[in-house]
Amino acid sequence: MKLEIVAPLGKIYEGEVKEITLPGEDGEFGVLEGHAPLVSTLKAGVVDIKKDSGEELVAINWGYVEVTPEKINMIVDEAVPLSDSEGSDIAAAVEKAKKLMADFAESDQALAYTEGKIESVARKLI
């Protein structure tokens, strides 16, 4: 299924995915190919993208998602790709993602959960 993530400054991600987990307003939810159509708001959190070649994560502050059986369209206010970073860029991407989350997290618990997820990704990349 095709995924497209767009922010005001351009496309953040475009490609084929097997599965995606999104930070919905009412909690995290997963989407697989053939999912029933839906539109939802997204809150600050981490988008977990699973592909045949591995996993990618993108931190977002808020946005909207439209799901169809064949495609997922996301419009977000701001996003920080975490998995594309290399070497010293990883630390910078992690710090930028943490700041993005701190500015928009609804609670300390949500912020701690999201920061934990971001740090877990960073450890895998280093």
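Scope of this entry: the structure provided in the associated data block. (Residues numbered from 1 in each chain as written. Predicted model: local features only at pLDDT ≥ 70, side-chain atom pairs only at ≥ 80, totals over all residues. Heavy atoms only, no water.)

**What about the nonpolar core?**
Then, number 1: Counting residues in hydrophobic clusters, the biggest one holds 21 residues, and the most contacted among them are Leu 3, Ile 20, Leu 22, Ile 49, Ile 72 and Met 74.
Then, number 2: Only β1 (2-7), β3 (19-24), β4 (27-32), β6 (45-51), β7 (54-60), β8 (63-67) and β9 (71-76) provide two or more residues apiece to this core.
Then, number 3: If near-sequence neighbours (up to four positions away) are discounted, Met 74 is found in contact with Leu 3, Glu 4, Ile 5, Val 6, Ile 20, Leu 22, Leu 42, Val 47, Ile 60, Tyr 64 and Val 65.
Then, number 4: Grouped together as the second largest cluster of nonpolar side chains are 5 residues, Leu 57, Ala 59, Val 80 and Leu 82 included. (Core = buried A, V, L, I, M, F, W, Y, C linked by side-chain atoms within 4.5 Å. Buried < 20%, exposed > 50% of the residue type's maximum accessible area, 1.4 Å probe, protein only. Helix = DSSP H or I, 4+ residues; strand = E, 2+ residues; numbered from the N terminus. Contact = heavy atoms within 4.5 Å.)

**Quick notes on the pairing of β6**
Then, number 1: In terms of burial, β6 is a largely internal element, 5 of the 7 residues being buried.
Then, number 2: The pairing of β3 with β6 spans 3 bridges and is antiparallel. Considered in β6, the bridge of Ile 20 is made with Ile 49.
Then, number 3: One ladder, built from 7 bridges, connects β6 with β7; its direction is antiparallel. From the neighbouring strand, Asp 48 faces β7, where its bridge partner is Leu 57. (Pairing = 2+ DSSP bridges.)

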